[in-house]
Amino acid sequence: ITAGVAYETTDYGPITTSALGMGANWPVLEGLYRFNMADYSVSPALAAGDPEKISDTEYEVALRDGAKFSDGTDVTTADVVNAFEKNMADATYGAFLEFIDTVSAKDDKTVSFTLKYPFDSLLKGRLSVVKVFPASLTEDDLKSKPIGSGPWVYDTINRDDGGSIEFVP
């Protein structure tokens, strides 16, 4: 797919981008959960299933088996924790995540969430806000050509022609 865009951006970072970058990132980056804008349903993406309730303020989310980024590396709990911590620290995305107290890796396949207060009814929807990327990427890497686990990969992002993006499956 080659997409011509109405304006160009130099920032495709999953936390710092504009609406253009955010829309372009949807097929490239995944979160623990996927929000369907057609019917407002939420389904597992990187998660193996629904969050497991440990208590009113503690939940665990298992990663799906075989989850990999487009560069071939495994999606790890460290990547998920890093993405959540960076989003929680951001002024824009952090507002949607204020109910989360801490995020930690319980083990290699499980992420633990400790909440500030019970938030059961909206939990999966809010967890879908955060898109996961390799923790090893620098801020410049994220802004110029982010790597994700979604079904599409950025092939080229060309700012010289007024802005076009090429995706490959």
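Everything numeric in this text was worked out from a predicted model, so none of it was measured.

Some words on the sheet that holds strand β5 (residues 58-62)
Here is step 1 of the chain: What the four strands build is an open sheet, ordered β4-β5-β7-β6; its pairing is antiparallel. Strands at the two margins of the open sheet, each flanked by one partner only, are β4 (52-55) and β6 (100-105). Geometrically, the sheet is characterised by an average inter-axis angle of 25° between neighbouring strands, direction not taken into account.
Here is step 2 of the chain: Relative to strand β7 (residues 110-115), β5 is paired through five bridges, and the arrangement is antiparallel.

Some remarks on helix α2 (residues 77-89)
Here is step 1 of the chain: With 13 residues, α2 should reach 18 Å at 1.5 Å per residue; the first-to-last C-alpha distance of 18 Å fits that figure.
Here is step 2 of the chain: Of all the positions in α2, only Thr77, Asp79, Val80, Val81, Asn82, Ala83, Phe84 and Asn87 are classed as buried.
Here is step 3 of the chain: Buried residues belonging to α2 abut α3 (91-94), β6, β7 and α4 (123-127).

Details of the pairing of β6
Here is step 1 of the chain: Looking at chain direction, β6 and β7 are connected through five bridges and run antiparallel. Across the sheet, residue Thr102 finds its bridge partner in β7, namely Thr114.
Here is step 2 of the chain: The antiparallel hairpin formed by β6 and β7 contains four residues in its connecting segment.

Quick look at the pattern of salt bridges
Here is step 1 of the chain: Using the criterion set out here, one finds eight salt bridges in the structure.
Here is step 2 of the chain: Here Asp50 and Lys124 are joined by a salt bridge, their closest N and O atoms 2.9 Å apart. Taken as a pair, Asp50 in the loop between β3 (42-44) and β4 and Lys124 in helix α4 lie far apart in primary sequence, 74 residues in all.
Here is step 3 of the chain: Note that Lys109 is salt-bridged to Asp65, the shortest N-O span being 3.3 Å. Remark: Asp65 occurs in the loop between β5 and α2 and Lys109 occurs in the loop between β6 and β7; sequence separation between them is 44 residues.
Here is step 4 of the chain: Asp65 gets classed as exposed once you look at its relative accessible area, which sits at 69%.

Cut-off values and rules
- Residues numbered from 1 in each chain as written.
- Predicted model: local features only at pLDDT ≥ 70, side-chain atom pairs only at ≥ 80, totals over all residues.
- Heavy atoms only, no water.
- Pairing = 2+ DSSP bridges.
- Helix = DSSP H or I, 4+ residues; strand = E, 2+ residues; numbered from the N terminus.
- Axes fitted to C-alpha atoms, helices over the stretch in contact; angles between N-to-C directions.
- Expected span 1.5 Å × (residues − 1).
- Buried < 20%, exposed > 50% of the residue type's maximum accessible area, 1.4 Å probe, protein only.
- Contact = heavy atoms within 4.5 Å.
- Salt bridge = Lys/Arg side-chain N within 4 Å of Asp/Glu carboxyl O.

Any link to function would need more than the numbers given here.
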